[in-house]
Structure formats: C-alpha cells, structure tokens
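What the coordinates show
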Amino acid sequence: MTDWTAFTALPWQSEPLHLPSAGAPLSASTAYGAVVAAATPFRNGTRFLALPEVRFHQPSGRVGAPGELLPGPEDRSLKEYLHRREAEPFLLRAREPLMLDYSVWSQVRDWIVPLWQQIGVPVVPLAAELVVTDGQSQRVSEDRYLTLVWVLHGRLEVEAGGATLIGDEGDLLSWPPGAASMRGTECLWLRLLVPVDGKLAAKPVTELLLAGLDRRRGTDATPYLPMAEAGRPMQPLVETAAGLAELSSSAEVERSLRVQWASRVSAGALEPVPAPQRSELVAGQRVKAAAPVYRMRDGDRWLWAVNGHAFTIGGGDGLLAELKRGEVLARDDAYLPLLRRLHSLRAVEVVA
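Residues numbered from 1 in each chain as written. Predicted model: local features only at pLDDT ≥ 70, side-chain atom pairs only at ≥ 80, totals over all residues. Heavy atoms only, no water.

Details of the pattern of salt bridges
Taken as a whole and assessed by the stated rule, the structure comprises 26 salt bridges. With a closest N to O distance of 3.3 Å, Arg43 and Glu74 form a salt bridge. Of the two residues, Arg43 sits in the loop between helix 2 (28-39) and strand 2 (53-58) while Glu74 sits in the loop between strand 3 (61-63) and helix 3 (78-84), which places them 31 residues apart along the sequence. Owing to a relative accessible area of 38%, Glu74 belongs among the partly exposed residues under this scheme. The residue Glu53 makes a salt bridge to Arg95 at a minimum N-O spacing of 3.1 Å. Taken together, the positions of Glu53 in strand 2 and Arg95 in strand 4 (residues 90-95) put the pair 42 residues apart, joining distant regions of the chain. Accessibility expressed as a relative area gives 29% for Arg95, which makes it partly exposed. Each of the salt bridges in this network shares a partner with another, and the network as a whole consists of Glu53, Arg55, Arg93, Arg95, Glu129, Glu142 and Arg191. (Salt bridge = Lys/Arg side-chain N within 4 Å of Asp/Glu carboxyl O. Helix = DSSP H or I, 4+ residues; strand = E, 2+ residues; numbered from the N terminus. Buried < 20%, exposed > 50% of the residue type's maximum accessible area, 1.4 Å probe, protein only.)

Right, dumping it as structure tokens:
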C-alpha cells in the first residue's frame, strides 16, 4: 500500500515526485484484463460518446478503427500482446475502464481512500485511465488536475515541470498541473487525475441548475426576439437569470447536491462507478458486511450511500447494528428488501 502519510509530507502539490517501490493498486495481469474488457467492443468498430473510451495511436496518428490492433482473446497475457505489437511503436489508452468490473474498481478505490483521509475527499470525481504502450510518446496537458501514475509493468519516462522522472514496475510518479511528455517501454500504467482547481467545484452545481431550468422551461429551443425589441433588455435572458437565482437556493438543488456528495464519498470520488448486481438473496441465507455504508440526514429520513450509489430510507438502524456485530441471517421480514438492495450494491455478501 502506498504510504500516503509520507507522500503528503512531500511537496506533492508543487513539484514532480518519484516514489520508488510504492506498490500499486492493481497487478499488471488484472489491469491488462481490464484493458481487454474495455477494448473488446472497439474491435468491432469505433464507438462514439461511450465509456469506457478506447483510443489507439501509432506514430502516424490516431487509428480511427483499430480492430485487431487492439488486444483480444488471442492475446492471453500482456507479454503476448506486447510481443504481437512489437513491430511498430503504439499507445493504447483506455479511459474510465474501471467501471466495468467491481473487483478492479474497488481495489483502486480502497487504495486511494487513505489519501482522502489525509487531505479530504475531492468534491468532483477523479479521472482514470489505463495505458499499454511501447515506444510511443504521449503529450498530455492537465491544467486543473494533479497526476498520479503507477507503473504496473515495464518502464516509464516522464518530462514534467522541468524534471525527468523514470519509473519502473511498482513505482509511483506524480506531478502538479501542467504539460508533460510520457514515453513507456513495454509499459502498462494506471493514471489517476486528482482535481485541484477550485473552479471545478462549480461544474456539478451548474449542471444541476441548468437541468432544473430546462425542466421549468419545458423546451430547449433558443428564444428569438423581433428586431423592434432590440433596444430593450432581452426578456428571456432576464427570466433565465431570475430562474437560476431562484433555483440556486431551492431545496431541490440542495438535496440533489447532498445525494451527489454522499455517493461521491462512498465511491472515494472514483467515478463512474460499476452498475449494481442482480440480487437473488432469499430468506435463510447468511450475509456479512462487505463495504461501508455512509449515512447522512435527509429530513426525517436517512440517506444511505454504498459504492457510489445512494438511496433514502426511513429506518434500518437495527440491521446496520446486526451487520456490525457479524453475520446476519436473512429472514422473511421487513428487512429482507433492504438486505437485497444492500446485496445488489455489494454492501453485503452471502456467506458460503
């Protein structure tokens, strides 16, 4: 596990850093499996506005439809895939691949949460990517995010902030916002972008306000006014400003932000999160706690959040107390629907 206490004692917010043998959230084989899962739909053609997003680059530029250039069932390991692609430099980038597999996502989430215990939870999500590359340089520029990169396989060389960082397997590289050049040799890395620009906090609020405004207007059509009214204040803009001011102090927006925040804390800010699983829990089975439940007051009810998903409930204290003590027998009573929901969100698991 990365020593986050030692990390935060360093000038991590202002200088490029190299932490040798810091450990990594994922093994190379697990991360490669996540890359294959993300890349599989893209072997059949380019997908637009989809997450995960996979891009393949060669020295000539981005390949629009990489097809079998991407890893597939014939590449049984990372080494086999790198061997198949050794003819020409390449870079395969999978953005937000962790959302496909809860076990992979939770490993990274559990690894990063101790950092939040040191510095606080970001109010906006992280961005995550896995990259497989050999000999292909990548120029990145993140003005609002601090970069954390774990080298999972091979060697990575980074030029950032006037410093040269060289990382081998198990090393952690970090640098503050700004441009950087990255070049890996038979390399697989995990990169997390940690938000550090305060202006990012306005984004979720703005999105909620605009969505509320659209619901009130009932149309997304652009308003037009006759030229004869050009000398007067544009009434639709005045109404929009008044609507935003009213919404900004509304209980509706405040509650939406509360739900969003509870979800983010329970996800460790690692979003998007994996979808719930189907629960077929029945009375007579025994379960035990598998993930923490975060609770916040929601009027006279409670807001519960687990693994990035939130819901409101009126009670449940007795069930939580039982889970804290150990295994719980699922009974055909009022708690069974709640237990099924917790099981679907992976807060509890069935004891074999």
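A closer look at the pairing of strand 6 (residues 137-142)
Of the two faces of strand 6, the one holding Gln138, Val140 and Glu142 is buried and the one holding Ser137, Arg139 and Ser141 is not buried anywhere. In terms of strand pairing, strand 6 meets strand 10 (residues 178-195) through six bridges, oriented antiparallel. Directly across from Val140, in strand 10, lies its bridge partner Ala180. (Pairing = 2+ DSSP bridges.)

A look at the sheet that holds strand 12 (residues 294-298)
Strands sit in the order 12-13-14 across an open sheet of three strands; the sheet is antiparallel. The open sheet terminates on both sides in strands that have one partner only, identified here as strand 12 and strand 14 (309-313). Across the sheet, the mean angle separating the axes of adjacent strands is 25° when strand polarity is ignored. Direction of pairing for strand 12 relative to strand 13 (residues 301-306): antiparallel, over a ladder of five bridges. Counted as the bridge partner of Tyr294 is Ala305 from strand 13. Taken strand by strand, helix 7 (residues 251-267) contacts strand 12, strand 13 and strand 14, and its axis lies near 170° from that of strand 12. (Axes fitted to C-alpha atoms, helices over the stretch in contact; angles between N-to-C directions. Contact = heavy atoms within 4.5 Å.)

Here's the deal with the packing of aromatic side chains
As enumerated under the stated definition, the model contains eight aromatic pairs in all. Considering the side-chain rings of Tyr32 and Tyr81, the 6.5 Å spacing of their centres and the 35° angle between planes classify their relative orientation as tilted. Of this pair, Tyr32 sits in helix 2 while Tyr81 sits in helix 3, placing them 49 residues apart in sequence. Given the relative accessible area of 0%, Tyr81 is considered buried. In this arrangement the basic side chain of Arg295 is found over the ring face of Trp302, its NZ or CZ atom lying 4.1 Å from the centre. (Phe/Tyr/Trp six-rings, centres within 6.5 Å; stacked < 30°, edge-to-face > 60°. Lys NZ or Arg CZ within 6 Å of the ring centre and 35° of its normal.)

Some points on unusual backbone geometry
Residues other than glycine predominantly adopt negative phi, and peptide bonds predominantly adopt the trans conformation. Residue Leu51 is joined to Pro52 through a cis peptide bond whose omega torsion reads 0°. Among the structural elements, Pro52 can be located in the loop between helix 2 and strand 2. A cis geometry characterises the amide bond from Glu271 onward to Pro272, with omega recorded as 5°. Tracing the sequence through the fold places Pro272 in the loop between helix 7 and strand 11 (286-289). Of note, Ser21 is a non-glycine position whose phi angle comes to about 50°, a positive value. Along the chain, Ser21 falls in the loop between strand 1 (17-19) and helix 2.

Focus on the sheet that holds strand 15 (residues 328-329)
Read across the open sheet, the three strands follow the order 15-11-16; overall the sheet is antiparallel. Two strands lie at the open edges of the sheet, namely strand 15 and strand 16 (348-350), each paired on one side alone. Bridge analysis of strand 11 against strand 15 gives two bridges, and the strand direction is antiparallel. Residue pairing across strands places Arg286 opposite Leu329, the latter belonging to strand 15.

Keep in mind these numbers describe shape, not what the thing actually does.
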